[in-house]
Structures are given as structure tokens and as C-alpha cells.
Amino acid sequence: MVTNEVYKKEYDVIIVGGGATGAGTARDCALRGLNVLLVERNDYSTGATGRNHGLMHSGARYAVTDGESASECISENMILRRIARHCVEETDGLFITLPEDDLDYQRTFVEACQRAGIRADVIDPDEARRIEPAVNPALIGAVRVPDAAIDPFRLTVANLLDARMHGAETLNYHEVEGVIVNQNRVEGLKLLNKLNGEHVEVRGRVIVNAAGIWGQRIAQMAGVNISMFPARGALLIFGHRVNNMVINRCRKPANADILVPDDTVCVIGTTSDRIPIETVDDMRVTREEVDVLLKEGVKIAPSLATTRIIRAYAGVRPLVASDNDPSGRSISRGIVCLDHAQRDGLEGFITITGGKMMTYRLMGEIATNAVCAKLGNTAPCVTASRPLPGSEEDGPRESDATKRYSFGERAAIGRHGSLAARIEKDNDIDNALVCECEGVTVGEIKYAVHQLHVHNLVNLRRRTRVGMGTCQGKLCSCRAASLMGEFRHDVKGAQEDLAAFLDERWKGMRPVAWGDTLREAQLTAAIYEGLCGLDMAVNIEGKEDVQ
Amino acid sequence: MSDRMQISNLSENNFEQCTKCSICTTVCPVAAVTTDYPGPKQAGPDGERYRLKDPAYYDKALKLCLNCKRCEVACPSGVHIADIIQKARMDAGEGKRASLRDTMLANTDLLGTVANIVAPVANVTLGLKPTKWAMHNMMAIDKRRTFPAYSRTKFETWFKRHAADQQNAYPNHVSYFHGCYVNYNFPKLGQDLVKLMNAAGYGVHLLNKERCCGVALIANGLYKQAKRQARVNATNIRQAVNGKHYTVLTTSSSCTFNLRDEYPAILDEDTSDVRDSIMLATRFIYKLVDEEKIKLIFKQDYKRRIAYHTACHMQRMGWQLYSIELLRMIPGLDLVELEQNCCGISGTYGFKKENYERSQAIGATLFKDIEDARVEAVSTDCETCKWQIEMSTGLPVENPVSILADALDVEATRKANGV
């Protein structure tokens, strides 16, 4: 729990935003010896960080249109394989050319990749069908690139853990209500603690605005103006993996042209639509978006036409507007770091934005460099070489699937890397599965609740994958709620939390609620509403996530 | 949305149709007695998602599955749960390095051929304490287990010598897939079937060639050999069905289920063209009686109280009613229908030392029910259930066909059917 000590401390730097960028900046600052506070208005990784493909770009996708981003991607891609091993699955990726695509584009693509330093091997379509049987068999060309899958929730948590191990304080459910400006200097923030409704103030020498698309509001509160360019993308999650490699279309970036295998599922996306900044909190997925994703998705992997869809979701890319392209795709994904002292004459305020989830570390480095320049700190950046907690060189690997590990232990190693050693497993209770779809044990829940800032079931899901499987929480949520109620001695709170969690799960199922997913949802409703009399229509202040 | 998309969700063995209701786990006989086995839902559709991610997620606990198929009977969504588990075992290479024990237990026909030759010696030897000790300690076949006795003469030999010649004289004809148990251990059951069918006016013929159906090979992971034998059987069944238009009768529920459903599901041997012509004798006979094509007349002085046990694969086929209703036609038979519980043996499973305790724990409910039923014998359509129940309750166990043949007034029946 938050003590007043945390609010009273004098910080060198306060970071606004608990996405990958904020977490990466907090880690870098802490490793360089700064006194760090990070504040996040919801849970960690609830913005664009937790609402993308989970794709660790090789950079190939940007090679033709944006060489600079492509180079950044491949460089960060190689770094993340080393420092974030437990968050990354080294799947490799294919760029396929279909009969309707122009095969000449392949040459342009491969040359651009080579210029950006991305390995791109043209392979025979037969070879492509062999190494990735899910691929559309009609393909006429294929290029193999070092794409991979990455889990952004784990990545963010690992960065926060390391920041905390180096003295940083991190607060979720603390929303910025105002920026304290004294003459031309930012001195602190006014915060609302959404867990208890308390209004507090925190003081720091430098404030870093890493709030993604919401950074425009934070800047406004400080009296400066940034024009963000919100581009919304919707995605579909399928119930199981059909592919084991990332599959992209080898053409100019367009709708639904990437299929990524993420843990036990696969994800097709995205659409891209310009939206007004006022609507960035509306994450509902429309029927039209689902139709486009399906129509294009089956061209990549025909089996998607008959594979069960368990969820739909959307995210907003935090791009900084630079021209009038309505698709948002030709805008540079380039990183933008604004020192508002130079730009607007406002001291002690830095905005880090643009970029991509997978260049979060570089963004953190750039922002930290700017902070250090202001504070006269000369410590070098070590985040490119120092493994994140969980990814130490000698730690256990998920692929070490030997008899030594039970199913649940193995899944936990996949999620937490070497930190899985902290999970209790000495008795039958701790080893009992709470979430059977995703292999989450009682021990893992205990670990997450006690050590990973979990306030509710939605938080727990992001830390462990509870409720992310085929049943979307039907079996695990009541078990998890019961454990949470026990740990916190609050049965009523646990009940409300359970209702809110199931409601949140249903929101993602609703746009794709047909067939087996609808049967699944109906059974869930029959059990909880019908049999147990749970009122699922509750909305709990402070527990509700954005959307 | 394009009208051809998302009409139905298809996945191998319907694993995606699982709505995680967990009914399967509540009926799993293994999950009921041990926490070492995660239950069919977790071992099947749940685990499959992880195995698709990385085959290394295969869990050794899947070897505890009996393949009894009770999960599939219970599933309201039509998920082939046990097939998913069998396939996972196969993909994980279980059986590639099968032990001498597993190979021996699985090769019921090879073992039978050898044992027939030395039957009197084999039967005595297998019952001796030193043999049991050696098997227990050196081969991990549990010493508490009673081995089925071997017959001195194979059923096939008896049939050729004493029955084959007369079969063409009957107006109607069927084929008979006798299986290893009838051939090597208990020819009387085959003889009973011939007696029964002949009395009803049906000549019985063997297939040109018959191999062990392979149910034990699948259970012990010897898939390659199982596939070879399946090919031989499928070819010979096709000759009988498509060539001679014979129905292929069986007297073992597990052989039947294997021939009809496991061949395509596990061994990639498509038998769909002849599937409907392979059936248990009781189903065939019941239908003939029901359609008034034949008449069965039973002895007036036959008086017995017998309990009927539904074998797991019998339940999977849903055919227990045929056996039960036929037995009920015997006027002097007082039939007790037992609750449907697994006996725990599951073919060769219960013979293994590591499974013995679990096997007996699974069967405990059934044994108690049998004891409470106060019957003089038990009837079931599965031979391995027979061994398990005989060993565990001390009561004799008979196939319904044998009971029907014993109770039959052969002369009156022949006459009624115009033979």
C-alpha cells in the first residue's frame, strides 16, 4: 500500500505513464542513480503498449517507407533478444506475396531491408509452405526476416521491477489532475489516488511526459501544446495458434496484413483509422472492423475462416502529427523527444512520444539522456546490455521443457523467466491450477498479488494470463477472485471485482460473439448470473479500466 | 462478412468446440482417484493449445489416461477429448522406445501364438510365485494380477476342424472377427457365437486373414505396428463386406470400437465405407429379433441372477441396450443393470505395476456395486473387464453371447427359424 512517505519524497524525475516507454524510462533513470517516481492513471500497460500485435518487428515492415524506423527496429530487436529473453519468442517472420500482389515489390522490399541492415532471405514458396504450413498455399513469393513475438505486459512489468529494485517508486491508479508550474518551471504534479479518492501532490526536478496519446492532455495541463495524431487499429484474437511464424503481406502496409503467434493464441491486425483526439478512450471494436480483419486475414492464413475468434480489441497509435495523410501509415514512426525548455521556454518538462512499443528502450534512453543533461548526471546508459529481471543469462528457459517441470511451472517460466523461482510450489495447493487454459497456479497468483502491484483481477490477468484463454475467465475468475478475497480479507470487494472482470471479458467477446464464442459466453452468463445470481452490470470506480 | 467465413469453427478433433464446462473431468475415472492426472479437459483441449505453441509442453501425465472415452460420451460439444490425448501421446513419441513389457503386453496375438503351443505349461508358470516375482520385478507387470489362461487349441483351429464345412449350408451368412481373446484364451465364446448364429439360420465365416485389432498396440504406443495391422484388417473386412455382402460380427466391445472408430481417428485408416457393417453380435441379433426375422427360444428350466456391466467402449458406442435387452428376453434370467462405472483395467493398463493400485481404486465402486447386487455371475461385452471383475470380485464373468447360447433351446430355435 502507498504510504505518505512516497508522496513526500523529493524526486529527481517523475515519469507520467506506465506503458513500455514510461517503464523503460523509469528503469534507465533508476539505473543511472536518479531518484525516480512513475505514475500511471490506470494499470500498467493499458494504453497502446497493451493494445497492439505483440509483434517484435524486424523493421522489415518499415524498410521501404521509413528507413530510419527500420534501422531502429532491427537494432532494438537484437537488443531485446538478449535483455528481454523471457518476453520474446524467436519465431522469425515471412513476408509473402500473393497472386493479387505485385511480385516486383519483393525486390524493392529486399533491397530496402538490406539498406536498413535487416537480414531478408528470399525463399521458395515451397519452402515457405513447409516451414509455415498455415500460410496461404497460393503464395508466389516469400522472404524470411527476423521478426519475433513479444509480450508487452511482461516487458513492462520487467522494466518496472528493475526500476523498483534500483530505488524507483511506481504508482498505478494515480491520475494526473494538474501540473504544478512555478513561473517558467514545472515543479510537480497534482494526483488523484483512484483507489481511495485522495488528492495528493508530488514534487520532482524534472517531469517526463510519457503518456502516449494522452500526453497531449498532460502537456496542456503544463500550458504547452503538442498535436497528437491518433490512429486507431483494431485486432482479432483467435483461440489457438494456427501459425508458428509471424506472417506479413509483402506489399505497401495496408489493413490486416500481419498475423502474429502470441503465446497460446494468434492475432490478426490491424486496421488503421484516423480518429478525433476526444474519442481515444473509446476502444469499442465495430462490425466493419471485424469484417475487414477477417476478409484480409484469411488471405494470409485460410484456416482463419474457420478458427474460433475469442476476442477483438483496439488500440491507438500515439503518433505526432506531421502531415495530412489520413491513413497514418506514411507518418514516421520515428521517436520524438521534446525538451519544452527549448521549445516552449518551460523548464523541467520533457515529452517523449512517437516511436513504437518495440523501440521503448531507445525512447527511454533518449528521454533519460535529456533528463540527465538537465540534472548534470553523467552516468552512461546500460539498458542495452543489462538483462531485465527474469532474463538473466543463466536462468531457466521455457524451452527447457523437461520432466523437471510440471505444466504449470513450465508456463510460469515462460511468463516470468528466472523470477518464476519466487513462485511457491511446495505443496499441492500452491501447484493447483487456477486458470487451466493458461496454466496459472495458485502459487503464481500469490506471487503476482504480493509482488507485482495487483489491485484487481484485470491487473492479475495482465501479470499472469489468468482469464486470457479460450473460456475468457469462466472457470478461473471465481477461483482467482476467491484467492484475492482471501489475501485482502474482503469478500464483498472480491465479488464486485469478479463481476467487473467478467464484464470486461464480455466487452472483448461481444464484437465476435457468434458460434462457439457465443456458446462460451452464454454458459458463463448462465453460471454467474443465472446460477450464482451475480450482478454483472456493476461499474466500480477506480477498478474500471479505460474503455 | 463473406458468407463462407466463420460459419462453423473447425479444428482437429473439435478441440476448439470445448466451452470448458468441465463435465468431462467430473466423469473421468482417473481424475477421480488421483491428483497426478489433470483430467481430460486439461490434458486434452487445454493442453493442446500449449502443445501447438511448443510440442515440448507434452505432459507425461497423459500416460495415465485409460482411453476409456467416458469424457467423449459426456461432452456436450462433441469434442474428441480422448482422441486429442491419444494423438498427443503419439506425437510425443510415446512408444518409440517401448519397453519389453509394453511390447509383450501389446502383442496379444504373438504372445497368444506362443502360449497356445505351451498352454498347460504357460498357464501353470504364469500362476507361479517365482514367475510372478520375476515379472513384477524385472518387467514391472504387477504380481497381484491374475493372467488370463491360455487355451490349448486356438479358436481358428477348432473352427477349421469342426465348424467351417457346415457353414455354407445355412441360408444366411455373416463374417466373424473373433479377436485375440477368443482365439488364444477363450475359444468357447467363439463356439457359442457359432452355435447361436447357426440356430438362427446364419452360417458363420472367418475373414480370409485376421490380425489383432491393435487396441493394445495403440495403448502402448506401438503405432506403426498398429497401422500395419489395421491395414490388413481393413482390407479383409472390405473383402467380406463389399465382396460377399457379409456383416462382420464381433464379440468384444473394444475390438469393435477400435475397428470402427479408432482406425480413422488414431491410425489414419479410413474404414468409413465398411463402418456400418462392423458390429457386435448382440446388436445384430437384437435387430433380427426386433424385426422378427429370427426367433430365439430359451430353455424353460434356465434360472440365474446376473448383473450386467457396461464396458467403457460399449458405452462410447451406446450399444449396451442391445446386450441388455437380449439378455432380458431369457425368461429365467434375473438381470441387474449396474451403474456405469469403469472397472479400472483398461486393457493392459492395469497389468502394469505402476498402475495396479490406481486400477483397483478406479474399479472399487463397481466391485462394491457387484457385491451388493448378490448375483451368481456378471455379464459384460469386454474381455479385459471380465479378467478384472473375476479377479477383484471372485465371481465368474460371461459374455452375453455365451449366456444366450447357454440358455438357448437349440433344437426349438432351429425349428422356429426353419433350419
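What you see is a predicted model, and the numbers here were worked out from it, not measured in a lab. (Residues numbered from 1 in each chain as written. Chains lettered and ligands numbered in written order. Predicted model: local features only at pLDDT ≥ 70, side-chain atom pairs only at ≥ 80, totals over all residues.)

A. How the structure looks around the overall build of chain A. Each helix and strand counted, chain A has 18 helices and 22 strands in total. At 23 Å, chain A has a C-alpha radius of gyration in line with the 24 Å of a compact globule built from 547 residues. Projecting the C-alpha coordinates of chain A onto the three principal axes gives extents of approximately 65 × 60 × 45 Å. With 547 residues in all, chain A has 59% of them scored as buried. Residue pairs at least 24 apart in sequence account for 72% of intrachain contacts in chain A once pairs closer than 6 positions are excluded. (Helix = DSSP H or I, 4+ residues; strand = E, 2+ residues; numbered from the N terminus. Rg over C-alpha atoms; globule rule 2.2 N^0.38 Å. Buried ≥ 20, exposed ≤ 12 C-beta atoms within 10 Å, placed from the backbone. Contact = placed C-beta atoms within 7 Å.)

B. How the structure looks around the overall build of chain B. Within chain B, the regular secondary structure consists of 21 helices and eight strands. Taking 2.2 N^0.38 as the reference for a compact globule, 419 residues should give roughly 22 Å; the C-alpha atoms of chain B span a radius of gyration of 22 Å, in line with that estimate. Once the C-alpha set of chain B is aligned to its principal axes, its extents read approximately 65 × 65 × 40 Å. Taken over 419 residues, chain B has a buried fraction of 55%.

C. Expanded view of the sheet that holds strand 1 (residues 172-177) of chain B. Residue and element names in this part refer to chain B. The strand order across the open sheet formed by four strands is 2-1-3-4, and the pairing between neighbours is parallel. Both edges of this open sheet fall to strand 2 (202-206) and strand 4 (278-280), since each of them pairs with a single strand only. Taking each pair of neighbouring strands and ignoring which way they run, the sheet shows an average axis angle of 40°. (Pairing = 2+ DSSP bridges. Axes fitted to C-alpha atoms, helices over the stretch in contact; angles between N-to-C directions.)

D. Expanded view of the environment of A:Gly22. All names here are of chain A. For Gly22, the location among the structural elements is in helix 2 (residues 20-31). Judged by C-beta crowding, with 34 C-beta atoms within 10 Å, Gly22 ranks as buried. In contact with Gly22, not counting residues within four places along its chain, are Ile15, Gly17, Leu38 and Ala210.

E. Examining the confidence of the model for chain B more closely. Overall, the prediction assigns chain B a mean pLDDT of 92, with 99% of residues at 70 or greater. This prediction of the complex comes with two scores: 0.91 for pTM and 0.90 for ipTM. (pLDDT = per-residue confidence, 0-100.)

F. Structural context of the sheet that holds strand 5 (residues 304-308) of chain B. All names here are of chain B. Strand order across the open sheet formed by four strands is 6-5-7-8, with parallel pairing between neighbours. Across the chains shown, the open sheet's two edge strands, defined by having one partner strand only, are strand 6 (333-337) and strand 8 (397-398). Bridging between strand 7 (residues 377-379) and strand 8 involves two bridges; their strand directions are parallel. Its bridge partner lying in strand 8, Val378 is registered against Val397. Here helix 17 (residues 320-328) sits on the sheet and contacts strand 5, strand 6 and strand 7; the angle it forms with strand 6, its principal contact strand, is near 155°.

G. Up close: the domain arrangement of chain A. All names here are of chain A. As assigned here, chain A comprises domain 1 (4-47 + 153-227 + 334-375), domain 2 (88-149 + 231-314) and domain 3 (407-531). The gap between the C-alpha centroids of domain 1 and domain 3 is 30 Å. Every contact between the two is made by eight residues of domain 1 and, on the other side, eight residues of domain 3. Considered class by class, the residues forming the side of domain 1 that touches domain 3 number four nonpolar, two polar and two charged. (Domains from an automatic or database assignment. Nonpolar A, V, L, I, M, F, W, Y, C, P; charged D, E, K, R; others polar.)

H. Spotlight on the interface of chain A and chain B. The interface is formed by 33 residues belonging to chain A together with 28 residues belonging to chain B. Looking at the side of chain A that touches chain B, the elements with two or more residues in it are helix 9 (287-300), helix 12 (407-416) and helix 18 (515-531) of chain A. Looking at which element gives the most residues to the side of chain A that touches chain B, the answer is helix 18 of chain A, with five residues.

I. Region of interest: the environment of A:Lys507. Residues and elements named next belong to chain A. Mapping Lys507 onto the fold places it in helix 17 (residues 491-509). Of the residues examined, Lys507 has 17 C-beta atoms within 10 Å and is grouped as partly exposed. In this structure, the C-alpha to C-alpha distance between Lys507 and Val285, residues 222 residues apart in sequence, is 9.3 Å.

J. Here's a closer look at helix 7 (residues 152-165) of chain A. Residue and element names in this part refer to chain A. In a regular helix each residue adds 1.5 Å, so 14 residues correspond to 20 Å; helix 7 covers 20 Å between its end C-alpha atoms and thus fits that length. For helix 7, the buried fraction is high: twelve of the 14 residues fall into the buried class. The secondary structure elements touched by the buried residues of helix 7 are helix 2, strand 2 (36-39), strand 8 (148-150), strand 9 (169-171), helix 12 and helix 15 (457-464). Trailing helix 7 by a residue or two, Gly167 shows a phi angle of about 95°, which is positive. (Expected span 1.5 Å × (residues − 1).)

K. Spatial organisation of the packing of helix 15 (residues 281-290) of chain B against helix 17 of chain B. Residues and elements named next belong to chain B. In contact at an axis separation of 8 Å, helix 15 and helix 17 are set at 60° when each is read in the N-to-C sense. The orientation of helix 15 with respect to helix 17, classified from their angle, is oblique. In this structure, helix 15 meets helix 17 at a crossing whose hand is left-handed. Judged by residue contacts, Thr282, Arg283, Ile285 and Tyr286 of helix 15 engage Tyr322, Ser323, Glu325 and Leu326 from helix 17. (Parallel < 35°, antiparallel > 145°, perpendicular 65-115°, else oblique. Left-handed = near helix turned anticlockwise from the far one by under 90°.)

L. Just the domain arrangement of chain B, in detail. All names here are of chain B. Taken domain by domain, chain B comprises domain 1 (12-91) and domain 2 (304-407). For domain 1 versus domain 2, the separation of C-alpha centres amounts to 26 Å. In this assembly, eleven residues from domain 1 lie in contact with eleven residues from domain 2. Here the side of domain 1 that touches domain 2 is composed, by residue class, of six nonpolar, two polar and three charged.

M. Structural view of the nonpolar core. All names here are of chain A. Core analysis: the biggest nonpolar cluster contains 135 residues, and Val36 and Val208 have the highest contact counts within it. A domain-level breakdown of this core finds at least three residues from each of domain 1 (4-47 + 153-227 + 334-375) and domain 2 (88-149 + 231-314). When near neighbours in sequence (up to four residues on either side) are disregarded, Val36 contacts Tyr11, Asp12, Val13, Ile15, Ala26, Cys29, Ala30, Ala163 and Ala168. (Core = buried A, V, L, I, M, F, W, Y, C linked by C-beta atoms within 7 Å.)

N. Spatial organisation of the confidence of the model for chain A. Residues and elements named next belong to chain A. In this model, chain A carries a mean pLDDT of 92, and residues with pLDDT of at least 70 account for 94%. Below pLDDT 50 for its whole length, residues 323-328 participates in eleven contacts with residues either more than four positions away or in separate chains. Note that pLDDT drops below 50 for residues 540-547; the model gives that stretch 20 contacts with residues more than four away or on any other chain.

O. Local environment of unusual backbone geometry. Here the amide bond leading from A:Gly269 into A:Thr270 is cis, since omega sits at -15°, within 30 degrees of zero. Positive phi, normally seen in glycine, also occurs at A:Tyr173, with a value near 55°. Looking at where A:Tyr173 falls in the secondary structure, it is placed in the loop between strand 9 and strand 10 (174-182). A positive phi angle, near 55°, is found at B:Asn13, a position not held by glycine. Relative to the elements of secondary structure, B:Asn13 occurs in the segment before helix 1 (23-27).

P. Spotlight on helix 15 of chain A. All names here are of chain A. Taken across its eight residues, helix 15 has eight buried, putting it largely inside the fold. Taken together, the buried residues of helix 15 touch helix 7, helix 12, strand 22 (440-441), helix 14 (442-451), helix 16 (476-488) and helix 17. Looking one or two residues beyond helix 15, the residue adopting positive phi is Arg465, at roughly 80°.

Q. Molecular detail of the pairing of strand 13 (residues 228-238) of chain A. All names here are of chain A. Here strand 13 lies mainly inside the structure; eleven of its eleven residues are buried. Residues Met228, Pro230, Arg232, Ala234, Leu236 and Phe238 of strand 13 are buried on one face, and the alternating residues Phe229, Ala231, Gly233, Leu235 and Ile237, pointing to the opposite face, are buried as well. Pairing of strand 13 with strand 18 (residues 309-320), which is carried by eleven bridges, proceeds in the antiparallel orientation. The residue of strand 18 that forms the bridge with Phe238 is Ile309. In terms of strand pairing, strand 13 meets strand 17 (residues 273-274) through two bridges, oriented antiparallel. Bridge pairing links Ala231 to Arg274 in strand 17. Sheet topology places strand 13 next to strand 16 (residues 265-269); four bridges connect them, and they run antiparallel. Directly across from Phe238, in strand 16, lies its bridge partner Cys266.

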